[in-house]
Amino acid sequence: MAVATPARPHEQTDRGFRAPAGDTIREKFTQLVLLLGTAVALAVLAILIVDITLDGVGGLSLDFLTNYTSRFPEETGIRAGLTGTLSLMVLVALMTFPLGVGAALYLEEFAPRNRWTRLLEANINNLAGVPSIVYGLLGLSVFVFFLGFGRSLITGALTLTALVLPVVIVASREALRAVPREIRDGGLALGGTPLQVAARQTLPAAIPAIMTGMILSLSRAIGETAPILVAGAVFSRRADNEPWNLNEAYTAIPIQIFDFVKRPQAEFQVEVASAAILVLMVLLLIMNSAAIIIRNRYSRNG
Amino acid sequence: MDQRMSEQQTTSSPVDRDTGKAATQRAPSSRPAWSKDTESGSAGDQATAEGDIVFDVRDVSVHYGSAPALVNVSLKIRQREITAFIGPSGCGKSTFIRCFNRTNDLIPTAKVSGRINYHEQDLYAKEVDAVEVRRRIGMVFQKPNPFPKSIYDNLTFGPKVNRMKVNLDEVVETSLRRAALWDEVKNKLKQNAYSLSGGQQQRLCIARALTVDPEVILMDEPCSALDPIATAHIEDLMRELERDYTIIIVTHNMQQAARVSDRTAFFTAEVESENDDRRFGRLVEIGDTSMIFSNPNDKRTEDYISGRFG
C-alpha cells in the first residue's frame, strides 16, 4: 500500500484535512479487488451448496440414514457408510491423538536441536503435503499385504492415521510453541522436572489448539476417498461397522458417494449421491463447529 | 513472630532438616537436602561477624557459546537480607541471578564456570540435581507468569510436583497470606489467575514461589512490568519476607535498590577489546546499600548512581 506522506504545512492550508486525491482512489480500488476475490470464492461455495441441496434434499429421509444400499434408488441408504465413517473416525482419533501429540511433545519440548531433528522436522512437514493416494498405496502394500490385515476396518483406520498424522504433529507443535516460555520457566522454577512441567503445564495450556487441529485433520480424514479406496474399502455392504470389529470389511460415506455416481441410473447419480454428500457435509460442519467452539471456549483468557 | 513460626511449620517440607542450632531461626538447614556427601565438619560453623553466608560465589564466569556474558564475579550473599544487583543493561546481572538456581542450565549454549557454594555445597557439583536446587531456591520473574489456571491450582502445582506431604488448602492460605494477597483473593480461589491485575499476578507468583518453602527467593526485575502502586506493594512485601527468606533482586530502578535492599552489588558492562564491541559484565563492588549510594569506593559506581552514565 502507498505510504501516506506527511502533508506539508502549505498543502494543509490548501485542502484542509482531505487526503491526497490519488490515495483515496487507490485505497478504494484495492479494497474492491480484494472484495471481488472473496466474492468469487464465496459464490462458488454457495452455488455448490445450493445445487447439492436442491438435488439431494428430496432423497434425504430417516430411511436414507438407516437403510443399507439397495438396487432401487428409493430404498437405498447409507447406513453402512455412516457406521463405517463413524468407526473410522473413532479409530483414527484414538490412534492419532497419542502418536501425534507425543511426537509433537518430544520434538518441541525434549529433542535436542541438531541436524537430525531438523531433518526429521523437514520430513514431517513434507509428509503433510504428500498426495493422499500415495497413502492409499502405502496402506495397500503395508497394512493389507505386508502386515496381512487384509481389506479390513483397521487397514482403513491405519491408512487414514498415517495420512493425518503429519498434519496433527505440525499443528500440535505450533500449539505447544504458542505456549509462552514464561509458563515453562515458572514451572521449572518451582522444582518441577521438565517432564512434569510439559505434562501438567505446557500440554494443558496447548490442548485447546491441539484439539482444534485434531478435529480439523479428522474432518479431512473422513472426507478422503482415494486412500481408503486403494486400501480396500468396499463399495457397499449390508452390515454395520463398529469400531471394535477391526477385522470386518468396511465402507465409508465418500466411498458410497463414489459408488452411487458410478451407477447407471440417473436417480443414483444425482439424487442419491447428492443426499449422501449432504450427510457428509453436515457431518463435517458439525466437526468444524466443534473445533470453533472448543477454540472459543478455551481461549486463553477464559 | 511465634505466629509466623507456626505458619512456617505447616509449609515446611519433609526434607527440611532443622539443624536445631537456634529455635528462633527458620530451619536454615546448613546442609542442603540434596547433598549426599557428609562433609559435616565445617557445615555447622558459618556464623561470621557479618551473619550467615548463604551463597559464596567465587570467580564465576558465564559464557554463551564463546561469548562471555559475565566474568570473574566473586561475592557473598548473606542470610535473611535483601541483596540488590544493579547496573546498566548488558552488565550480566540477570544472567548472574540465573546462576543461583541453575536456570542457565536450560540454555544449551550457556556455560557457567567458577564455583557457587550454597551453605558449603557446590551448586554445580556433579551429584547435585538442578531440579532440587530450583525447589530450594525459588524465583520470581520479570513479567508476572501465572499458569493459565485457577489461583488455587497455581499454588498447588509446586507442592504436588515435589510430592510434599502437606495440606494443600493450608499451603494455599499460608502462602497467600505471606504474599499479602489472601484478603483480595480468598473468595475467588477457583477463578483463573489471569483475571487478576498485574500487581496481583506478581504477588501470586511470589506466593507460588513460597509454596515449596524455599530458603532463597531470586527476583529478576519483579516490578518492571508494574505501576508504582503495585511496585510499592511488592516492595513492602519484600521487606516483610526478608525476616524469613534470603532475597536477591535484580533491578533497573536504583531508587528501588536503595529503598529495599540491605546490600547492593554494582555491575558494569565492559567492552571486550578495541575492535570488538561485544560486551560482558563485571562486578564493580558490593557493599551495604547506604555505603554504595552515599560513599561508593569506585568512581564508576558513583558515576552510575549519580546518573552520569548507564
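Residues numbered from 1 in each chain as written. Chains lettered and ligands numbered in written order. Predicted model: local features only at pLDDT ≥ 70, side-chain atom pairs only at ≥ 80, totals over all residues.

Structural notes on the overall build of chain B
Along its length, chain B carries 12 helices and 10 strands. Within the span of chain B, comprising 310 residues, buried residues form 46% of the whole. (Helix = DSSP H or I, 4+ residues; strand = E, 2+ residues; numbered from the N terminus. Buried ≥ 20, exposed ≤ 12 C-beta atoms within 10 Å, placed from the backbone.)

Concerning the overall build of chain A
Of regular secondary structure, chain A possesses 12 helices and zero strands. Written out in order from the N terminus, the α and β elements of chain A read α-α-α-α-α-α-α-α-α-α-α-α. Here chain A has a C-alpha radius of gyration of 25 Å; the compact-globule value for 302 residues is 19 Å, and the former is much larger. Projected onto its principal axes, the C-alpha coordinates of chain A cover approximately 85 × 60 × 35 Å. The proportion of buried residues among the 302 residues of chain A is 39%. Counted over contacts in chain A with a minimum sequence separation of 6, partners at least 24 positions apart contribute 76%. (Rg over C-alpha atoms; globule rule 2.2 N^0.38 Å. Contact = placed C-beta atoms within 7 Å.)

Thoughts on the confidence of the model for chain B
The predicted coordinates ought not to be read in detail in places where the model reports low pLDDT. Residue and element names in this part refer to chain B. Here chain B shows a mean pLDDT of 82. Residues at 70 or above account for 81%. Within chain B, helix 2 (residues 40-43) has the poorest average pLDDT of any element, 38, and strand 8 (residues 246-250) the best, 95. Note on residues 1-49: pLDDT under 50 across the span, and 57 contacts to partners over four residues away in sequence or across chains. The ipTM value of the predicted complex is 0.78, and its pTM value is 0.78. (pLDDT = per-residue confidence, 0-100.)

Considering helix 11 (residues 253-262) of chain A
Residues and elements named next belong to chain A. Of all 10 residues that make up helix 11, seven are buried, and the element is covered over most of its length. Within the sequence span of helix 11, burial applies to I253, P254, I255, Q256, I257, D259 and F260. As for helix 11, its buried residues are in contact with helix 4 (79-110), helix 9 (194-223), helix 10 (226-230) and helix 12 (266-297).

Some points on the packing of helix 9 of chain A against helix 12 of chain A
Residue and element names in this part refer to chain A. At a closest axis distance of 8 Å, the pairing of helix 9 and helix 12 adopts a crossing angle of 170°. In terms of their interaxial angle, helix 9 and helix 12 are classed as roughly antiparallel. Here P208, M211, T212, I215, L216, L218, S219, I222 and G223 of helix 9 lie close against helix 12, whose contacting residues are L280, L283, L284, M287, N288, A290, A291, I294 and R295. Here the contact of helix 9 with helix 12 is composed, by residue class, of 13 nonpolar, four polar and one charged. (Axes fitted to C-alpha atoms, helices over the stretch in contact; angles between N-to-C directions. Parallel < 35°, antiparallel > 145°, perpendicular 65-115°, else oblique. Nonpolar A, V, L, I, M, F, W, Y, C, P; charged D, E, K, R; others polar.)

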